[in-house]
Amino acid sequence: MAAVVIAVSTVGAQPPQARPARIAGHPNFNGIWQAVNSAYWNLESHPAEGLSQFGPLGAIASIPAGPSVVRGGTIPYKPDALAKRNENRAKWPATDPEAKCYMLGVPRVTYHNMPFQIFQGDGDLLMVYPFAAANRVIHMKDQSELPVDSWMGKSMGRWEGDVLVITTKWQNGQSWLDRAGNYASNQLTVTERLTVQGTNHLSYEATLDDPQTFTRPWTIAMPLYRIIDPQAQLLEHKCVPFADRLLYQDLLEKDTR
């Protein structure tokens, strides 16, 4: 699948006027999309905040304020899971899988601060992401279970009228939901709903159901915006070399002695 990413990730978005409204009777989701919010920092409401561990960067190293994208405002953690979330937060960024260049998982990959591209034909869909050269196939017919859990799990799609509904299971539980330490276990089921709201934006919802971590299912919601620049393209962000100092700090320190 990596070869597919290389082949398709540099394809530019079609100009809006060239897009057919429907493909095989369904709404056309083709294009490059991006969430324009601060959910990648924290899904819940959060104030602007400085990052003291990056002092030399000054105001560049700061968290932008943002409203909650969680319906109801807060994530319904079980007590032990909330304690784990707080531990994750206290140890950020060293323990954040994003800092280690691991694939972001679903739904975090959708509202990351880089755009992503959807390729749609008359069968399966493909979603391509710059960070860590990730991608996922939306299987419209294959509903079989993955033999082992993985970072991105398996995404299975269906149409409910004009709404694209995607159910993702079998993630490995090692990814986070944002940079604030919010997380889920490998028992997570994510149900995403994408609805075309106009030529250049989608309505995006994701319901997270993980009885091991949360007291009940809960939902995030946000718009996704099309990148309308006719020259727009995805540029891969192969971040492995940037994570070496974090991942192998002990070994690097030994080499300098």
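Presented here is a report on the structure given in the accompanying data block. Everything numeric in this text was worked out from a predicted model, so none of it was measured. Counting of residues starts from 1 at the beginning of each chain's written sequence and follows it residue by residue. Two thresholds apply to this predicted model, a pLDDT of at least 70 for residue-level local features and 80 or more for giving and counting side-chain atom pairs, whereas whole-chain, interface and lining totals are computed over all residues. For the side-chain quantities, the full set of heavy atoms in the structure was used; hydrogens and water were omitted.

**Let's talk about the state of the cysteines**
Our working definition: We call a pair of cysteine sulfur atoms a disulfide whenever their separation is within 2.5 Å. Labels follow the DSSP assignment, with helices taken as runs of H or I lasting at least four residues and strands as runs of E lasting at least two, numbered in each case from the N terminus. In this scheme, a residue with accessible area under 20% of its type's maximum is buried, one over 50% is exposed, and one in between is partly exposed, where area comes from a 1.4 Å probe on protein chains only.
Summed over all chains, the structure comprises one disulfide. Between the sulfur of cysteine 101 and that of cysteine 239 lies a disulfide, 1.9 Å long from S to S. For the disulfide bridge between cysteine 101 and cysteine 239, the dihedral angle about the S-S bond is near 85 degrees, and by the sign convention the bridge is right-handed. You can see cysteine 101 sitting in the loop between helix H2 (79–90) and strand E6 (116–120) and its partner cysteine 239 sitting in the loop between strand E13 (218–226) and helix H3 (240–247), a full 138 residues away along the chain. Cysteine 239 shares its class with cysteine 101; the two are buried.

**Some details on the sheet that holds strand E11 (residues 189–198)**
To be explicit about the condition: At least two bridges found by DSSP between two strands is the condition for calling them paired. Axis definition: a line fitted to C-alpha atoms, limited for helices to the stretch in contact. Angles are taken between N-to-C directions and run from 0 to 180 degrees.
Here nine strands make up a closed barrel; going around it, the order is E3-E6-E7-E8-E9-E10-E11-E12-E13 and the pairing mixed. Taken pair by pair, the neighbouring strands of this sheet meet at an average axis angle of 30 degrees, ignoring direction. Here four bridges tie strand E7 (residues 125–128) to strand E8 (residues 135–139), and the two strands are oriented antiparallel to one another. In the sheet register, leucine 126 faces E8, and the bridge partner there is valine 137.

**Thoughts on the side chain of threonine 213**
Rules: Any pair of nitrogen or oxygen atoms within 3.5 Å is treated as a polar contact; in protein, a donor-acceptor pairing is required on top of that, and neighbouring residues in sequence qualify only through side-chain atoms on both sides.
Along the chain, threonine 213 falls in the loop between strand E12 (201–209) and E13. Residue threonine 213 is classed as buried on the basis of its relative accessible area, which comes to 2%. For threonine 213, the side chain forms a polar contact with the main-chain nitrogen of serine 185, separated by 3.5 Å. A polar side-chain atom of threonine 213 sits 2.7 Å from a polar atom in the side chain of aspartate 210.

**Focus on the environment of phenylalanine 29**
As for its position among the elements, phenylalanine 29 is in the loop between strand E2 (26–27) and strand E3 (31–34). Overall, the relative accessible area of 0% leaves phenylalanine 29 in the buried class. A C-alpha to C-alpha distance of 9.7 Å links phenylalanine 29 and arginine 226, two positions 197 residues apart in sequence.

**Describing a nonpolar patch on the surface**
The following threshold applies: Patches in this entry comprise residues that are over 30% relatively accessible and not in a salt bridge; like charges within 9 Å are linked, as are nonpolar side chains (Val, Leu, Ile, Met, Phe, Trp, Tyr) within 5 Å. In these tables, accessible area is a Shrake-Rupley quantity obtained with a 1.4 Å probe, and a residue counts as shielded only by the protein chains included in the view. Any Lys or Arg side-chain nitrogen located within 4 Å of an Asp or Glu carboxyl oxygen qualifies as a salt bridge.
Judged by side-chain polarity, Tyr102, Leu246, Leu247 and Tyr248 come together as a nonpolar surface patch covering roughly 320 Å² of accessible area. Inspection of the secondary structure puts tyrosine 102 in the loop between H2 and E6. Residue classification places tyrosine 102 among the partly exposed residues on the basis of a relative accessible area of 31%.

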